[in-house]
Structure formats: C-alpha cells, structure tokens
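# Fold and geometry: a report
Okay, here's what each chain looks like letter by letter:
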Amino acid sequence: MGGQGEAERVITGWAAKDPSGFLSPYSFSLRKIGEEDVYIKVLCCGICHTDIHQIKNELRMSGYPMVPGHELVGEVVEVGSGVSKFRKGDRVGVGLIVGCCRSCIPCQQEEEQYCSKKIWTYNDVYTDGKPTQGGFASHMVVDQKFVVKIPDGMASEQAAPLLCAGVTVYSPLKHFGLNKSGLRGGILGLGGVGHMGVKIAKAMGHHVTVISSSDKKRGEALDHLGADEFVVSSNAEKMQELADSLDYIIDTVPVFHPLDPYLALLRLNGKLILNGVINTPLQFVTPMVMLGRRSITGSFIGSMKETEEMLEFCKEKGLKSQIEIVKMDYINQAMERLEKNNVRYRFVVDVAGSNLD
Ligand SMILES: [Zn+2]
Ligand SMILES: [Zn+2]
C-alpha cells in the first residue's frame, strides 16, 4: 500500500452515465491521501431514495458520470499524518457530506450539515476541483471530520442505513426536544427513513402511529417494526379519531402530497417535520397551522456529532434495521424496486463482496 504523496489510485465504482440513471462499472481516480484524509475500503453501502433523484437528474443538478451512495461502511486502509481519530483496520462510516467551510455559524456550532458550503458525498465538486463520487465504489478518500466510528458489535450492514436514514430521524427528534419518553408520534410513509423512524421513536419510548397511503404495510409496521397503530390516510374515520393527538409527525413521503390532512392530526404545538425530498411545491391552508400553533419544519440529516451519538444510541437499544443485502450487479433492479416501493425497507449493497477490485 502506497503512502502519502504517491500517485492517485484508479478504482472502480458503479456510475450513472446519463439521466436514464442506469448504473454500470466506471473507473476513476481518487485524490492522494492528504494529511487529514482517511483511505477507506468500502464494505457495504445502503441505497437511499435520494440516490434515485440524483442519478435521474430529478433535482436538475446532476453531473455525470455519477457514482451514488451515501450510507457506506468501510474499513480504514490508510490514514494521513494528521489523522488521530482513526487507525488502520477501524470500521468507519460516511454519510451525506464530506466537506464544509469550517468558519460559518453552523460550522462553529458543530452543525456542519447546515453549512451553505457543505460538500456532498457525491454529485458535488471537492476542494481540488474534481467531482466527488460516492460509496458504490471499491474505495473512498474522505476527510477525517466526515468519518465516524462504527461501534464494536454493530454489524456493518446494520450500520449503513443509520448513516442517512437513522440520523435523519434522530436529529430532529433530539433538536426539538422530542427525544423524551411518553410522546405520541406519527410516521408518515414507511420507506427507509419511515422504517427507521418507527424503530428510533419506539426506542425513545414513544407511542408510534404509522400513517400510510395503503394497507400493504400494516403487518410489517405492527408485527415487525413494533408500531402501536397503523392508519390508512384515506380512511376518514380513522384519521378523524387521530385528530389533535400527535406531538409530531415525521413526514418521509418523497412525492407530492397535501399537508392539511396531517397537520390536523397534530395537537397544540405539534410539529410536522419534513424529511422527504420533493421537487414540487407543497400546499396547506394557514388556519391548519394557526389554530393549534402547529409548525411545519424540516430537518436535514444530522451533524457528525449526532451521527456518532445516534450510532451509540442504536447500539445501546439493540436497534436493528430490516434490510435486504444485494450484490452490486443487482443495483439497477434494486433502484427500480425502490422506486416502485417494492422493497422491505432498505437495500444494502455488499460492495466488498462484489469483486470491484
Ligand atoms: Zn440518504
Ligand atoms: Zn460552514
């Protein structure tokens, strides 16, 4: 293994080459390992719904070729001379961002995910002017600030979905003081983030109601995830019973939907926390917010500090994600199934077992 200052490494990832979003093998070089950098062999990487938006240019800011993947767990192969936190052989994780300005107010407050100059793990440009590429690749070079330790005893494929979906739920609940027991929470939509939402909210001691557009996931929600109630949003009678009862709703639905039916479920000061990436404007009428002093807010992943805290919390609570492990050559089918919602929660790609080297 080469040291600092040696040539860039050429590695293989799976990239989308155009907005069809079809992924295929792609060779590219990683930057040299800088002082603060950690060179990581990727073990596995979760597939997030955002990956689909990005590879298909649905947010209209995609650059190609694009290697997606921002829920990766890997093993440290080498570290730069200024890296003290990690050693060769450590199991580590990387989430949605790999850079920030380090001087703005969010950065100073250790909320670097809100830095306006944050650098996305993929589909962005790094400080060296080169495109960033994500976790569906054999290796990555990442600044140590954006690398977290995976707790001992937590399986890599279990940790992967926590790095985006897990912290996405954990962070707002903590920030808004909703991480105390005895609250009543709603989880809208039961995809990757929703699934994690139920698990984390239950682990915090909440009474959790899953609200879904169909009855399809009732058994999964109640029997496998441990939700307390399951309500189909088109069932007016059940929705009426639920009115004014929830302290918060985590809205994970990644497509357009009216907000009024869900605002109506919140009790006084209740919060609707938007977590789904939707590229069309949402709608509501103001009395739904005013009469009940409800708020509509949003939240974006979590800080590196919160990510580490969340991993420890999940380990302590023995929290397990429902995942389906696939190889890299199944990634296009997996993306398609995810888009059609034909998946039990979260795909995790076994990158190390997919012969990318
Ligand atoms: Zn994600
Ligand atoms: Zn900043």
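Residues numbered from 1 in each chain as written. Chains lettered and ligands numbered in written order. Predicted model: local features only at pLDDT ≥ 70, side-chain atom pairs only at ≥ 80, totals over all residues.

If you look the chain up in an unreviewed UniProt entry, it shows as Enoyl reductase (ER) domain-containing protein from Carnegiea gigantea. Under the UniProt heading Cofactor (unreviewed entry), the note attached to the chain is "Zn(2+)". Under the UniProt heading Sequence similarities (unreviewed entry), the entry covering the chain gives this text: "Belongs to the zinc-containing alcohol dehydrogenase family." (UniProt positions renumbered as here; feature names shortened; annotations may be inferred.)

To continue, consider the overall build of the chain. Looking only at helices and strands, the chain has 11 helices and 17 strands in total. At 20 Å, the chain has a C-alpha radius of gyration in line with the 21 Å of a compact globule built from 357 residues. Each principal axis of the C-alpha distribution contributes one length, and for the chain these read about 65 × 40 × 35 Å. Here the contacts in the chain between residues at least 6 apart in sequence split such that 67% fall between residues at least 24 apart. (Helix = DSSP H or I, 4+ residues; strand = E, 2+ residues; numbered from the N terminus. Rg over C-alpha atoms; globule rule 2.2 N^0.38 Å. Contact = placed C-beta atoms within 7 Å.)

V38, F136, V142, V210, I249 and V349 are the most contacted members of the largest nonpolar core, which totals 99 residues. Viewed by domain, this core spans two of them, domain 1 (9–164 + 322–354) and domain 2 (167–298), each represented by three or more residues. Discounting chain neighbours no more than four positions away, the residues touching V38 are V76, V79, V83, F86, V92, V142, Q144 and V147. (Core = buried A, V, L, I, M, F, W, Y, C linked by C-beta atoms within 7 Å. Buried ≥ 20, exposed ≤ 12 C-beta atoms within 10 Å, placed from the backbone. Domains from an automatic or database assignment.)

Here we take up unusual backbone geometry. Residue Y64 is joined to P65 through a cis peptide bond whose omega torsion reads -5 degrees. Mapping P65 onto the fold places it in the loop between α1 (49–55) and β4 (72–79). Residue N57 is not a glycine yet carries a positive backbone phi of 60 degrees. With respect to the helices and strands, N57 occurs in the loop between α1 and β4. For N57, a count of 18 C-beta atoms within 10 Å translates into the label partly exposed. With a phi close to 70 degrees, N269 is a non-glycine residue in the positive phi region. Looking at where N269 falls in the secondary structure, it is placed in strand β14 (residues 266–274). N269 gets classed as exposed once you count the C-beta atoms within 10 Å, which come to 11.

Right, let's talk about the sheet that holds strand β12 (residues 229–232) for a bit. Strand pairing in a sheet is mediated by backbone hydrogen bonds. Such pairs are either parallel or antiparallel. Spatially, the six strands line up as an open sheet ordered β12-β11-β10-β13-β14-β15, and their pairing is parallel. The open sheet has two free edges, formed respectively by β12 and β15 (295–298), since each of these has just one partner strand. On average, each strand axis in the sheet is tilted by 20 degrees relative to the strand beside it, whichever way the strands run. Relative to strand β13 (residues 246–251), strand β10 (residues 184–188) is paired through four bridges, and the arrangement is parallel. Bridging across to β13, G186 finds its partner in I249. Contacts from helix α5 (residues 192–203) reach β10, β11 (207–212) and β13, with the element oriented near 170 degrees to β10. (Pairing = 2+ DSSP bridges. Axes fitted to C-alpha atoms, helices over the stretch in contact; angles between N-to-C directions.)

The domains assigned to the chain are domain 1 (9–164 + 322–354) and domain 2 (167–298). Computed over C-alpha atoms only, the centres of domain 1 and domain 2 are separated by 28 Å. Contacts between domain 1 and domain 2 engage 16 residues on the former and 11 residues on the latter. The element contributing the most residues to the side of domain 1 that touches domain 2 is α1, with three residues. In terms of residue class, the side of domain 1 that touches domain 2 is made up of seven nonpolar, six polar and three charged. (Nonpolar A, V, L, I, M, F, W, Y, C, P; charged D, E, K, R; others polar.)

When we look at burial in helix α11 (residues 331–339), the residues that qualify are I331, A334, M335 and L338. Buried positions in α11, seen along its axis, are confined to an arc of 100 degrees and lie on one side of it. As for α11, its buried residues are in contact with β1 (9–16), β2 (23–30), α1, β16 (323–326) and β17 (346–349). (Arc of directions from axis to C-beta.)

In terms of residue burial, β10 counts as a mostly covered element, since four of its five residues are buried. Across five bridges, the pairing between β10 and β11 is parallel. Across the sheet, residue G185 finds its bridge partner in β11, namely V208. One crossover worth recording links β10 to the parallel β11 by way of α5, and it is right-handed. (Right-handed = clockwise from strand over helix to strand, strands pointing away.)

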